[in-house]
Amino acid sequence: MPGSPRTAPSWALLLRLLALLRPPGLGEACSCAPAHPQQHVCHSAVVIRAKISSEKVVPASADPADTQKMLRYEIKQIKMFKGFEKVKDVQYIYTPFDSSLCGVKLEANSQKQYLLTGQVLSDGKVFIHLCNYIEPWEDLSLVQRESLNHHYHLNCGCQITTCYTVPCIISAPNECLWTDWLLEQKLYGYQAQHYVCMKLVDGTCRWYQGYPPLKKEFVDIIQP
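Residues numbered from 1 in each chain as written. Predicted model: local features only at pLDDT ≥ 70, side-chain atom pairs only at ≥ 80, totals over all residues. Heavy atoms only, no water.

Trainee: If you had to explain the state of the cysteines to someone new, which residues and values would you point to?
Mentor: Scanning the model with the defined rule gives six disulfides in all. The disulfide partner of Cys32 is Cys131, and the gap between their sulfur atoms is 2.1 Å. Measuring handedness by torsion sign, the sulfur bridge of Cys32 and Cys131 sits at about -80° and is left-handed. Taken together, the positions of Cys32 in the loop between α1 (11-21) and α2 (37-43) and Cys131 in the loop between β5 (126-127) and β6 (134-136) put the pair 99 residues apart, joining distant regions of the chain. With relative accessibility at 34%, the residue Cys32 sits in the partly exposed group. Across the disulfide, Cys176 is cross-linked to Cys197 (sulfur-sulfur distance 2.1 Å). Taking the sign of the S-S torsion, about 80° here, the bridge from Cys176 to Cys197 comes out right-handed. With a gap of 21 residues between them, Cys176 in strand β8 (residues 175-178) and Cys197 in strand β9 (residues 195-199) connect regions that are remote in the sequence. Note on Cys176: relative accessible area 0%, which makes it buried. Taking the relative accessible area as the measure of exposure, Cys197 reaches 0% and is therefore buried. Here the protein chain pairs its bonded cysteines, counted in sequence order, in the arrangement 1-4, 2-5, 3-6, 7-12, 8-9, 10-11. (Disulfide = S-S within 2.5 Å. Helix = DSSP H or I, 4+ residues; strand = E, 2+ residues; numbered from the N terminus. Buried < 20%, exposed > 50% of the residue type's maximum accessible area, 1.4 Å probe, protein only.)

Trainee: So what about the pairing of strand β2 (residues 69-82)? Which residues, and what values?
Mentor: For strand β1 (residues 46-59) and β2, the ladder comprises 12 bridges, and the chain directions are antiparallel. Bridge assignment links Ser54 to a residue of β2, and that residue is Glu74. Bridging between β2 and strand β3 (residues 92-96) involves five bridges; their strand directions are antiparallel. Considered in β3, the bridge of Leu71 is made with Thr95. (Pairing = 2+ DSSP bridges.)

Take a look at the structure:
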């Protein structure tokens with residue numbers, strides 16, 4: 001996955017790509033590669049905090065032969081963390097209607113706020129799916145909320161590798177090992193909620209823990 005996001009093509013083409021990438025035998029399932037919240041922010045074109053005002057099913061393209069549908073969410077943008085150079089104010093976001101294509105179901109007409117990460121299509125529309133990092137705002141830790149402003153963006157040069165089994169070994173000096181799945185059998189555990197992979201002056205990366213101001217405490221990279 002590239003370190004900086006590229007503008008996506010069209011949403012109709014993106015839907016077709018999602019269908020082609022769906023693993024065989026998972027006809028009604030969405031499959032995503034795991035990624036730490038920091039990676040999601042670094043690889044997304046847009047990161048915003050928003051409330052969902054309404055939803056509507058719309059055609060995926062103007063082509064009458066195209067039967068694909070999209071869900072269009074009207075949102076109230078509360079804050080933008082990333083994407084200023086691509087979109088000024090996001091009014092609508094789009095997601096596949098078909099859950100097997102990783103469509104996202106959000107609560108509309110409620111007080112719930114979301115952190116939304118996604119891409120900007122060639123026509124300027126903001127596109128999200130289940131492989132993006134989409135979480136209720138209230139579920140984010142204080143460290144995650146603060147890191148959205150600075151620390152995630154400033155450390156996109158670091159590489160985060162998911163550990164599934166032991167041994168799990170660092171292969172590059174700018175690498176941090178993500179062990180939530182190994183230690184807690186879930187992706188977004190304590191490490192994802194409370195640590196940032198930060199680059200040091202010598203170019204190496206280490207896990208850094210804290211809430212603003214960040215604690216000057218580097219932790220054991222194998223057992224955070």
